[in-house]
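What the coordinates show
For reference, the chains in residue letters:
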Amino acid sequence: MFPYHRFLFPQEDYPENWDELRKAVYRRDGWQCQKCGAKNIQLHAHHQTPLSVGGSNDISNLIALCKNCHIDDHPHMWWRRWKENNPQLTPEECAKDYK
């Protein structure tokens with residue numbers, strides 16, 4: 001399967017201590033989504049100012065979001081939600097009609 005996450009989120013954009021940073025954000029934000037308030041769910045560390053426009057990986061630029069709110073903030077992540085609802089199809093199978 002094509003590693004879409006590597007294409008969308010190149011590792012060179014993230015520091016070696018990314019795992020520590022994101023966990024510090026989750027702790028600071030009370031282990032809840034800062035957009036919808038959901039708790040006891042998988043969290044993502046979201047860049048308030050994207051790296052692509054000069055944002056940083058500093059903890060002050062990061063907030064905790066649940067997966068759905070993170071996808072809502074990033075239209076290019078639509079395929080993650082779609083894939084969860086269509087696990088039987090691979091991206092390659094879906095793309096074959098568009099080549």
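Now for a look at the structure at hand. Throughout, residues of each chain are indexed from 1 in the direction in which the sequence is written. Confidence filtering applies because this is a predicted model: local features only for residues at pLDDT of at least 70, side-chain atom pairs given and counted only at 80 or more, and all residues used for totals across whole chains, interfaces and linings. Computation of side-chain values: all heavy atoms of the structure, hydrogens and water removed.

**Section: unusual backbone geometry**
Look at W31: it is not a glycine, yet its phi comes out positive at around 55 degrees. Under the scheme used here, helices are H or I runs from DSSP no shorter than 4 residues and strands are E runs no shorter than 2 residues, and both carry numbers assigned from the N terminus. By the element assignment, W31 lies in the loop between α2 (18–28) and β1 (43–47). With a phi angle near 55 degrees, N40 is a residue other than glycine that sits in the positive phi range. Mapped onto the fold, N40 is located in the loop between α2 and β1.

**Here's the deal with the environment of C69**
For C69, the location among the structural elements is in helix α3 (residues 67–73). Here's how the labels work: a residue is buried when its accessible area is under 20% of the maximum for its type, exposed when over 50%, partly exposed in between, all with a 1.4 Å probe on protein chains only. Given the relative accessible area of 8%, C69 is considered buried. Two residues qualify as a contact provided that any one of their heavy atoms is within 4.5 Å of a heavy atom in the partner residue. Non-local contacts of C69, meaning those with residues more than four positions away in its chain, are made with C33, K35 and C36.

Read these as geometric descriptors, not functional statements.
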